[in-house]
Number of protein chains: 2
Amino acid sequence: MRISELSRRSGVPVATIKYYRREGLLPGGRALNPTTVEYDEEHVQRLRLIRSLIQLGGLPVARAREVLEAVEQPLDAFETLAVVHHALPVPAAETSGKDGKDGARRDEEEPGGAAGEAASAGAGARVEALIENMGWRISDASPHRPALAESLAVLSRLGTDYTTDDLIPYARLATSTADLDFAQLEGIEDHIALAERAVVLSVLFEPVVRLLRRLAQEDANHRRHDRNACGRGEGTGE
Amino acid sequence: MRISELSRRSGVPVATIKYYRREGLLPGGRALNPTTVEYDEEHVQRLRLIRSLIQLGGLPVARAREVLEAVEQPLDAFETLAVVHHALPVPAAETSGKDGKDGARRDEEEPGGAAGEAASAGAGARVEALIENMGWRISDASPHRPALAESLAVLSRLGTDYTTDDLIPYARLATSTADLDFAQLEGIEDHIALAERAVVLSVLFEPVVRLLRRLAQEDANHRRHDRNACGRGEGTGE
C-alpha cells in the first residue's frame, strides 16, 4: 500500500508517519521506484503500537524507540508484555507538579528528612509484605514496587498509615481486575498487536476503571445514607 | 493556639496559612490583642481540608472556596460527601495534553465529526445502560457520567468498543472497591473531617489502587505464561 493508504489504515496522519520514519521508529517500505514506496501490514501494526506508546502512553520518542527495539527481539508473549508493562508511565501521587499553584512551597510542607525517610522505609517493607502475602511474582526491576511504596509514604506523612492488612482486600480486587484485563488479551498471537493491546489496556482503559470507582463511590454514599437512616429509625420501616 | 502551633498541628506553613486567610478560605481567629490571634481545633480541621482540596485535589482556590462554603452549610454527611465528590478533578483519558509532543496535530488524528459524534452518542447510551444494570444511583449532575462516556468514545475511535456487558464485571469490582473505601469513613462524625478523608480517599489513595492493578497485571502475566506453557506440554509435568 502507499503512504496515504497506510495513513488511513493506521489512523496516523501522513506528516506524522514521515516524522516517525525520520526518527527511526518505523522501518522503511519497499521502494517501487525513486518516488513511490510500498508499505505492508507489518507497518500498520507497528504504527498502531508507536501511536499507543507515544500518544496514549505519553512516552518520549527515545523511550518508545527502546521499547520497539526490545519488542523486535525474538521474545515470547510473556516477555513482550513484561517489556511494555515496565516501560509505561507509572501512576504517582498527584501532589508533585501541583505544588506552588497556591503559593505554598513544597520543601516547607514536608516534615524533616528523618521522619520522611522512616515513613519511606516502613512503606517499602509494607509493599514487600503485601507482595509476599499475595503470592505475587514481581520483578525486582518493577517500577511499580517503589512507586507504591512512595504513595504509601506520602499517605503516612499526611497522617494515614495503611497496614499490609488494610491493603490486602484492595490487592485481591486488583487481582480480579487484572484477570479481566488478561482475558481481553486472549487469542492475540501477533506480538506487536499484543504489545499495542497491552498499552491500550494499561493506559487508556485506566480512566475507565478510575471512573467506575468514582461512580460506585457515589452509589456507596447513597447506600450508606440509607443504612444510617434506617438504623436511626428514620427509614421506611424495613 | 497561636499561628505557629496551628502550623505545626496542621502541617501547613505559616506563610501558606496567611495566604489562605487573605483568600478568605480560612476564617479569622479570635484577636487577643492587636498583635496576637488565637486559633482553635476548628481551624486545624479546616486547614487540613483546604490542604487536601488544593494540594492533593489540585483544585483552584476559587473552586476550593465554593466547596468550603458548601460544606459549611448545615448538611448531613451524605450531602457533604456528595458536594466534595463532585468537586474533585475528574479522571480523563491521558491523550489530551499529550498531543503535539511528537509533532502530531490532534485535529488531524480525530476521524471526522460525524463518526466521532456517533461514537460519543453510543458511549453515552452504554454508560446509562451500565448504571441502570448495576442499579447504581447516580446524580444527573455527576461529572463522572459524561467523563466515562468520553473515555469509552475515545476507545471506540481507536477501534476498541466496550459493550455494557464487557464493563459489568469491572463495575462489580468497582462496587467492592467503593465498599472498602466507605468502610474507611465509618465512625468519622465531624463533617469537615469527613470531607477531608473523602478527598484523601478519592484522590490520594487512587494511585495506590492503580499501582495495585499494575502489580497484579505483572503477576497475571506470569500466571498466563505458566498456563500456556503447561497447555503446550512445556510445563513441569503437572
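Per an unreviewed UniProt entry, chain A carries the name MerR family transcriptional regulator and comes from Streptomyces guryensis.

A. Broad picture of the overall build of chain A. The helix and strand tally for chain A stands at 11 helices and two strands. Secondary structure elements of chain A, listed N to C terminal, follow the sequence α-α-β-β-α-α-α-α-α-α-α-α-α. Entry remark: accessible area of chain A is about 10800 Å², with carbon and sulfur atoms responsible for 51%.

B. Spatial organisation of the packing of helix H3 (residues 41-56) of chain A against helix H10 (residues 191-204) of chain A. All names here are of chain A. At a minimum axis distance of 9 Å, the contact between H3 and H10 shows a crossing angle of 25°. The orientation of H3 with respect to H10, classified from their angle, is roughly parallel. Remark: the crossing between H3 and H10 carries left-handed chirality. Contacts between H3 and H10 pair Gln 45, Arg 46, Arg 48, Leu 49, Ser 52, Leu 53 and Leu 56 from the former with Ile 192, Ala 193, Ala 195, Glu 196, Val 199, Val 200, Val 203 and Leu 204 from the latter. Each residue belonging to the contact of H3 with H10 can be placed in one class, and the counts come to 10 nonpolar, two polar and three charged.

C. Layout of the interface of chain B and chain A. With 97 residues of chain B at the interface, the matching set in chain A holds 96 residues. B:Arg210 is the partner of A:Glu206 in a salt bridge, and the nearest nitrogen-oxygen pair spans 2.7 Å. Linking chain B with chain A are 35 residue pairs in polar contact (both at pLDDT 80 or more). Sorting the residues of the side of chain B that touches chain A by element identifies helix H2 (14-22), helix H3 (41-56), helix H5 (77-87), helix H6 (106-109), helix H8 (144-157), helix H9 (164-183), helix H10 (191-204) and helix H11 (206-231) of chain B as the ones contributing at least two each. The greatest single-element share of the side of chain B that touches chain A, amounting to 22 residues, is contributed by H11(B). Residues that form the side of chain B that touches chain A fall into these classes: 51 nonpolar, 22 polar and 24 charged.

D. Highlighting the pairing of strand S1 (residues 30-33) of chain B. Residue and element names in this part refer to chain B. Here S1 pairs with strand S2 (residues 36-38) via three bridges, running antiparallel. Among the inter-strand pairings, Arg 30 is bridged to a residue of S2, identified as Glu 38. In this structure, the hairpin formed by S1 and S2 is closed by a connection of two residues.

E. Inspection of the environment of A:Gly57 at higher detail. All names here are of chain A. One can find Gly 57 in the loop between H3 and helix H4 (61-72). The exposure class of Gly 57 is buried, given its relative accessible area of 2%. It is 6.1 Å that separates the C-alpha atoms of Gly 57 and Val 203, two residues lying 146 residues apart in sequence. Not counting residues up to four positions away in its chain, the partners in contact with Gly 57 are Ser 52, Pro 89 and Val 203.

F. Geometry of empty space enclosed by the protein. Enumeration according to the criterion identifies two cavities of 30 Å³ or more in this entry. Approximately 250 Å³ is the volume found for the largest cavity. Every residue lining the largest cavity is counted, 18 residues in all, and those nearest its centre are A:Thr177, A:Val209, B:Thr177, B:Val209 and B:Arg213. The class makeup of the residues in the lining of the largest cavity is 10 nonpolar, two polar and six charged. Counted as a void, the second largest cavity has a volume near 150 Å³. As for the second largest cavity, its lining consists of 15 residues, and the residues nearest its centre are B:Leu81, B:His85, B:Phe182, B:Ala198 and B:Ser202. Among the secondary structure elements, those contributing two or more residues to the lining of the second largest cavity are helix H11 (206-231) of chain A together with H5, H9 and H10 of chain B. When residues in the lining of the second largest cavity are grouped by element, the largest group, five residues, is from H5(B). The class makeup of the residues in the lining of the second largest cavity is eight nonpolar, five polar and two charged.

The rules behind the values
- Residues numbered from 1 in each chain as written.
- Chains lettered and ligands numbered in written order.
- Predicted model: local features only at pLDDT ≥ 70, side-chain atom pairs only at ≥ 80, totals over all residues.
- Heavy atoms only, no water.
- Helix = DSSP H or I, 4+ residues; strand = E, 2+ residues; numbered from the N terminus.
- Areas by Shrake-Rupley, 256 points an atom, 1.4 Å probe, with all protein chains shown as cover.
- Axes fitted to C-alpha atoms, helices over the stretch in contact; angles between N-to-C directions.
- Parallel < 35°, antiparallel > 145°, perpendicular 65-115°, else oblique.
- Left-handed = near helix turned anticlockwise from the far one by under 90°.
- Contact = heavy atoms within 4.5 Å.
- Nonpolar A, V, L, I, M, F, W, Y, C, P; charged D, E, K, R; others polar.
- Salt bridge = Lys/Arg side-chain N within 4 Å of Asp/Glu carboxyl O.
- Polar contact = N/O pair within 3.5 Å; in protein donor to acceptor, adjacent residues only side chain to side chain.
- Pairing = 2+ DSSP bridges.
- Buried < 20%, exposed > 50% of the residue type's maximum accessible area, 1.4 Å probe, protein only.
- 1 Å grid on protein atoms, 1.4 Å probe; cavity = no way out; pocket = protein on both sides within 12 Å on 5 of 7 lines; lining within 4 Å.
- Points joined across faces, edges and corners; volume = space filled by probe spheres on them.

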